[in-house]
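Examination of the molecular architecture
Listed below, chain by chain, are the residues.
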Amino acid sequence: MSTYKETFRRLDRAALIPFFVIGDPDESRSFELVKAAIDAGADVLEMGIPFSDPIADGPTIQKADLRALAAGMTPSKALAFIHRVTDYRPIPIGLLVYYNLVWQYGVERFFKDFKAVGGSSVLVADLSIDDADEVIAPARAAGLETVFMVTPNTGSDRMRRIAERTTGFIYTVSTLGVTGARNRLSDTVKPLVARLKEVTGVPVCVGFGISSPEQAAEVATAGADGVIIGSRIVQIVEDHLNEPDRAVEEVARFIRQVREAL
Amino acid sequence: MRHNGRFGTFGGFYVPEVLIGALEEIEQAFDRWRDDSQFCQELEALSRHYAGRPTPLYYARRFSDQVGCRVYLKREDLLHGGAHKVNNTLGQGLLAKYMGKTRLIAETGAGQHGLATAMIGALFGMETKIFMGTTDVARQNVNVHKMRLCGAEVIPVEGGTGTLKDAINDALRYWTAHVEDTFYLFGTAGGPHPYPMIVRHFQTPIGHEARQQCIDQVGRLPDVVAACVGGGSNAIGIFSAFLDDAEVRLVGVEGGGRGLESGQHCATLVAGSVGILHGAQTYVLQDAHGQIRETESISAGLDYPGVGPEHAHLKETGRAEYVCADDESVLDAFALLIRTEGIIPALESSHALAWLMQQKGQLPPDAVVVVNLSGRGDKDVGIVESHRPLQ
């Protein structure tokens, strides 16, 4: 299994990190989409386990969560899904999950099982570093990296505390708000990445609101080590719910375009 | 954060990083102003002259005869806006004003908190947005109209079941993108720290008044204090003053909907389990995987799959007991209070009355029960008519 460290070291450009909701719109189509993304040049995958009340996500990803839940996705099935992905290609996989799902599964058992299926890192969307001790020890014990978020309104002291607890990469939020495609990327990214680079050597990946190859390139130029693209890809899935093959083609095409732009 | 926001093991602030700064700012402002003499004087004057505090404690003689004990109603239904909600919106609205915020947002279920926020938005000249599930917009359209008359924008929320939890989801999302000038005026004693602490603080006058009024009128403390529990703000408001009076039994009544066995209810403390929802570790209604369940209640104000963390703590320690009343018994209680006292209770508050009716013969005739009549039922007349049309 290749690690973040190897991946970020090997690349002489920003890593391309697409995001998928596991099981959207259903398990088999979701797997075809993820395979296509890997084949089209994804360097790392960010994957979300669907949750009924995803407060950190915008309407696009919430709808995807509800589609996946309606099609029967569960945390256990999601772990099995990840196993299929890592069997297909040994790509680093970062997990985005809401805390209640981990909590009900059992925190230690969840991390152990996620590591066992080839997972690399966990980001708990509704857990800030203030309560992070609840997950850091069991995650590290399981051999997982711990990813936390930094936002444009995170002060420098707090940024340092977050960086200290982060391994793998820092998930940097490009703009205030929830996930969702935006037309104009806020010019907060460059100074934010620069501030982070001053306090940490951990790779800095940027997400939220990146919806075009041009924006991905802009973020890479701003110094990001990775570009996370979520809502735009999930939107492509939503736009082609009645044409599954077309959804796979469009996602692959979009990822190739971003890859070229990087 | 300066405080950990815990009630025993419950509470906390399980939120995305982007909200931490905003919650810290509110926590600091609350610490700064809560005991400030100018702030307190201003709030006291508004509570008295604008909202109508103190509210009476009323001995409901004819209703008492029917249920077989001495029932005193804490008349929060007489407050401006028709419910206890204004206690909290005045307090938080004033806090927002002292913080220099110019915009208010709020979630609402029955529309009572939305209306109470819209009123305060008008009073302080603040732009106000109210997030409300589409189901609730349909069943509480009079309140929607009133909010709009106050100048608030009502934003219908389509996600999920179109009820309170979906409204909270969207209000939180909106807030993450507008934290700089917007104050999120949270309606119940739940959600992430510091809200449970703040909402409790602004609702405590209910309990302080009721305790003193009971001593003045009855000559002693009540035997029982009962209140309905959705998120739990009116209940924590009245319970808080009696927590140290070990001899006073505290009873919270949740929405039993179509009955516990039907699965269609919102009895979170009675039938739920511990989890994390909307920023707090507390009891929630969820499936085996931790997905939040859909809820059902005749009263929109209780229709929520979570509950304030302090109630979870009071349940765990045994200081308060939590029960539920189903929709049919609530309709009976609603009818009985009107017929015996000429008071139209909110369907939410009718849950506490319904529990009391079930206690007939189990409490001694001289038992003194204080019921928090948290709101009036004008908004519910249409719903009651649709269930039980007058002949």
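Structure report, in brief. (Residues numbered from 1 in each chain as written. Chains lettered and ligands numbered in written order. Predicted model: local features only at pLDDT ≥ 70, side-chain atom pairs only at ≥ 80, totals over all residues. Heavy atoms only, no water.)

Focus on the packing of helix 2 (residues 27–39) of chain A against helix 4 (residues 75–88) of chain A
Residues and elements named next belong to chain A. Rule in force here: All axes are obtained by fitting lines to C-alpha atoms, using only the stretch in contact for helices, and the reported angles, taken between N-to-C directions, cover 0 to 180 degrees. Runs of E in the DSSP output that reach at least two residues are strands. Runs of H or I that reach at least four are helices, and both are numbered from the N terminus. Handedness of each helix crossing follows the sense of rotation of the near helix against the far helix: counterclockwise by less than a right angle gives left-handed, clockwise gives right-handed. Working rule for contacts: check all heavy atoms of both residues, and any pair within 4.5 Å makes them a contact. Ten residue types, Ala, Val, Leu, Ile, Met, Phe, Trp, Tyr, Cys and Pro, are classed as nonpolar, four, Asp, Glu, Lys and Arg, as charged, and the remainder, Gly among them, as polar.
Look at helix 2 against helix 4: their axes get within 11 Å of each other, and the N-to-C directions meet at 35°. Helix 2 and helix 4 meet at a crossing whose hand is right-handed. Counted together, Glu27, Ser30, Phe31, Val34, Lys35, Ile38 and Asp39 of helix 2 and Lys77, Phe81, Arg84, Val85 and Tyr88 of helix 4 form the full contact between these two elements. For the contact of helix 2 with helix 4, the residue count by class is 6 nonpolar, 1 polar and 5 charged.

A few points about the pattern of salt bridges
Under the convention used in this document: Should a side-chain nitrogen of Lys or Arg be within 4 Å of a carboxyl oxygen of Asp or Glu, the pair is scored as a salt bridge.
Within the structure shown, the criterion is met by 46 salt bridges over all chains. The salt bridge partner of A:Asp225 is A:Lys197, with a shortest N-O separation of 2.5 Å. Highlighted residues: A:Asp225 in the loop between helix 10 (213–221) and strand 9 (226–229) and A:Lys197 in helix 9 (residues 189–199), separated in sequence by 28 residues. With a shortest N-O distance of 2.7 Å, B:Glu209 and B:Lys74 are connected by a salt bridge. One end of the pair, B:Glu209, is in helix 9 (residues 195–218); the other, B:Lys74, is in strand 4 (residues 70–75), with 135 residues separating them in the sequence. Taken together, the shared-partner salt bridges connect B:Arg103, B:Glu127, B:Lys129, B:Glu153 and B:Asp181 into one network.

Let's talk about the side chain of B:Asp380
Residue and element names in this part refer to chain B. The condition is simple: For each residue, the accessible area found with a 1.4 Å probe, counting protein chains only, is set against the maximum for its type, and the residue is called buried under 20%, exposed over 50%, and partly exposed in between. Think of a polar contact as two N or O atoms within 3.5 Å of one another; within protein, one of them needs to be a possible hydrogen donor and the other a possible acceptor, and neighboring residues in sequence only count if both atoms come from side chains.
Relative to the helices and strands, Asp380 resides in the loop between strand 14 (368–373) and helix 15 (381–387). Residue classification places Asp380 among the buried positions, given a relative accessible area of 0%. A distance of 2.8 Å separates a polar side-chain atom of Asp380 from the backbone nitrogen of Leu347. Setting aside chain neighbours within four positions, we find Asp380 in contact with Gln140, Ala346, Leu347 and Glu348.

Considerations on the interface of chain B and chain A
Just so we agree on the cut-off: Reported buried area values correspond to the accessible surface (1.4 Å probe) lost by two parts on association, with both partners' losses combined.
In this assembly, 30 residues from chain B lie in contact with 36 residues from chain A. Summed over both partners, the interface of chain B with chain A buries about 2,800 Å², with 53% contributed by carbon and sulfur atoms. The three residues of chain B that bury the most area against chain A are B:Glu17, B:Arg173 and B:Gln291, which together make up 26% of that side's buried surface. Residues B:Glu17 and A:Arg158 are paired through a salt bridge, measuring 2.6 Å at the closest nitrogen-oxygen approach. Along the contact surface separating chain B from chain A lie 18 residue pairs in polar contact (both at pLDDT 80 or more). Among the secondary structure elements, those contributing two or more residues to the side of chain B that touches chain A are strand 2 (10–14), helix 1 (17–33), helix 8 (164–177) and strand 11 (273–277) of chain B.

So, unusual backbone geometry
The amide bond that connects B:Arg53 to the next residue, B:Pro54, takes the cis arrangement and shows omega of -5°. Here B:Pro54 is to be found in the loop between helix 2 (37–51) and strand 3 (57–59). For the bond from B:His193 to B:Pro194, the omega torsion is 10°, close enough to zero to count as cis. With respect to the helices, strands and loops of the structure, B:Pro194 is situated in the loop between strand 8 (182–184) and helix 9. Even without glycine at this site, A:Phe208 takes up a positive phi of about 80°. The residue A:Phe208 is located in the loop between strand 8 (204–207) and helix 10 in this model. On the basis of relative accessibility, which here comes to 7%, the residue A:Phe208 falls in the buried class. Of note in the backbone geometry, B:His278 takes a positive phi value of approximately 50° without being a glycine.

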